[in-house]
Amino acid sequence: MRQFHETCRRSLAGAFLAAALLLSACGGGGGPTSGGEDATPPPSPIPTPEPPSPPPHPLAKPLPTEIRGSQGSRYVGIGPAFANEGPDISDLETRSRRGAFAVGSGRWGDPLGRDGSVSAAEVVRFLRSFQTQNDREGGGDLVFVDFGAQKTLRIDSTAHVSERRAVIAALRNINTSLPWRHRILLGRDISERLATEDIPEDEIHVHFTDGREFWPELEEGEDYEPNVLGIGGSNFDREARRVLGGFTYVDRQAVGPNATRMEFVVAHEILHAWGMGAHVDPEAYPDALLAPHLPRDLNDVPRLWLTVEGEALLAEIKITPGTRASDLTVADLGPWEEDGFHLLGQTDLGGTAADTVQFGAGYRNGLGKPWAWGSVPATQLRDNPEMSGLRMATWAGSLLGFSGAGLPVAGDAEIGIDLASLRGRADFSELESWARETHPGVPGSGFRWGDGDLRYTIGVATEAGTEVFVSTFAAGDDPGMVTGAFVGARHEGAAGILEHPDLSAAFGAAR
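What counts and how
- Residues numbered from 1 in each chain as written.
- Predicted model: local features only at pLDDT ≥ 70, side-chain atom pairs only at ≥ 80, totals over all residues.
- Heavy atoms only, no water.
- Helix = DSSP H or I, 4+ residues; strand = E, 2+ residues; numbered from the N terminus.
- Buried < 20%, exposed > 50% of the residue type's maximum accessible area, 1.4 Å probe, protein only.
- Pairing = 2+ DSSP bridges.
- Phe/Tyr/Trp six-rings, centres within 6.5 Å; stacked < 30°, edge-to-face > 60°.
- Lys NZ or Arg CZ within 6 Å of the ring centre and 35° of its normal.
- Expected span 1.5 Å × (residues − 1).

A.B. asks: Describe unusual backbone geometry, and please don't skip the residues or the numbers.
C.D. replies: Positive phi values are uncommon outside glycine, yet L422 reaches one of about 55°. Among the structural elements, L422 can be located in the loop between strand 17 (408-418) and strand 18 (423-433). On the basis of relative accessibility, which here comes to 15%, the residue L422 falls in the buried class. A positive phi angle, near 55°, is found at A464, a position not held by glycine. The partly exposed category is assigned to A464, whose relative accessible area is 23%.

If you want it as structure tokens, here you go:
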């Protein structure tokens, strides 16, 4: 396990099994050892996701991508939706129209890297800095390992409401940087505290305690340092060389009531529990989630999908298990892109720039990142006078995104909400794909994607200061999930993202 300090202090690395871990590669292969054992052959660099297996628990489910507000919540964004996180339509070289929407496509990357784009050399520097810090803490050689099967995180039933919020925020942050089949699911609560070695395979257990009385015991003669805020570690199968279950303990008294501090600590420890058993060099990356101490001026938790740390998570999927961190080169990452291919759609809902709805997705290094953006309505749905007397409100528009293999996908989108129950449907139809880095053509000019349609049950909730709609995971829904928001002063638009095992897409629609 790893201890997380409020100030930079040497960890008791020699006492912790997880000190031998670094990171993962998908598929079989290398494992969490501190030696230089031979690695098995690498997996395919960009595997096509398979349909997910049934969740390990009845309530295990994915979580929506993070929803954010800006400028006093006048605008709402889902995913990398704000300035410099994605392109403007004027940045994309190919344009056309799809119904009421202007559509653009092309390669783009933010010149200052504010979209998270970094060079392969910078990713290697980040990953090798784990070894730098491990040497400083008195550890041995670090190697990349196999994360194993998809994990389900379960929260101790005694956790406070604010602590649950911190866990969910941390999971959203981590998951947005990962392909669908590597994301951590949220499962049902746990009612008892198991010994760390008894945690079931493919589960992560998260506990919040008052002090450290119930934390795992250390080796005889060892004790936790007084400024430790939390710990996290993994169990693993040494013969199979694979990370199994994981655990996290956070001292709520040591962290204090600050929500940002709690989210930072929880995200840090979940990453350790997931299988990342080392700390990054804080001298080179003082604000990283995996630094061994809290940043000096912590105003917000870094959004992984916009940082070199998030790119490093993605890169590790391609690294051959057993590769030593100190030996890592850019060649170990395989083909690496500093910019990506982007799709973007937009329309003016009310004739002004303030009521523009935008949506799109970028595809870079095997990961599609969908996003949606628009202005927050002036009222709640039920208070909108334009909807008075209506039973059902409907928004129709378009979808743009990428298959798991990076093929552009486009189709029709329709959102319907029953204004009495605030429940409804999200339907996507006429889904087609085209060749990689090809601008979506007119409807009917591509190849049918899957069976051509996806359908989800949705419900309305409030988040980031506005009404949103999210999947309710009803029986009969297709795999994946929908996260969206109503936009425009009078709910003229609906926009959001669709995340599916083989599709990362965004949509915009007009009422």
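Once you've had a look at it, read on.
A.B. asks: So what about helix 5 (residues 308-316)? Which residues, and what values?
C.D. replies: Given 3.6 residues to a turn, an α-helix orients residues that are three or four positions apart in the same direction. Across the nine residues of helix 5, nine count as buried, placing the element largely inside the fold. The set of residues buried in helix 5 consists of V308, E309, G310, E311, A312, L313, L314, A315 and E316.

A.B. asks: Lay out the pairing of strand 11 (residues 228-237) in plain terms, naming residues and giving numbers.
C.D. replies: Across the ten residues of strand 11, nine count as buried, placing the element largely inside the fold. As paired strands, strand 11 and strand 12 (residues 242-251) are joined by seven bridges and run antiparallel to one another. By the bridge assignment, G233 is partnered in strand 12 with F247. Hairpin geometry of strand 11 and strand 12 is characterised by an intervening segment of four residues between the two adjacent antiparallel strands and by a positive phi of about 60° at R241.

A.B. asks: Any chance you could break down the packing of aromatic side chains for me, citing the residues and the numbers?
C.D. replies: Tallying each qualifying case throughout the model produces 13 aromatic pairs. Pairing F341 with F402 gives two aromatic rings, centres 6.3 Å apart and planes at 80°, and the pair type is edge-to-face. Of this pair, F341 sits in strand 13 (residues 340-348) while F402 sits in strand 16 (residues 392-403), and the two are 61 residues apart along the sequence. Consider the rings of Y363 and F402, whose centres lie 5.6 Å apart with planes at 40°: the pair is tilted. Taken together, the residues span a long stretch of sequence, with Y363 in strand 14 (residues 356-364) and F402 in strand 16 at a distance of 39 residues. Accessibility classification places Y363 together with F402 in one group, the buried group. Site record: aromatic cluster; members linked through ring pairs are W395, F428, Y456, F469, F486 and F507. One Lys or Arg, R212, reaches over the ring of W215 and ends 5.7 Å from the middle of that ring.

A.B. asks: Outline helix 2 (residues 161-175), supporting the account with residue identities and numerical values.
C.D. replies: Taking 1.5 Å of rise per residue, 15 residues should cover 21 Å, and helix 2 covers 21 Å from first to last C-alpha, within 8% of that figure. Buried within helix 2 we find E163, A166, V167, A169, A170, L171, R172, N173, I174 and N175.

A.B. asks: For the pairing of strand 12, give the residues involved together with the corresponding values.
C.D. replies: Of all ten residues in strand 12, nine are buried, a share of seventy percent or more. In the sheet, strand 10 (residues 203-209) pairs with strand 12 via six bridges, with the strands oriented parallel. Each bridged residue has a counterpart across the sheet, and for H207 the counterpart in strand 12 is Y249.

In short, shape yes, function no, at least from these values alone.
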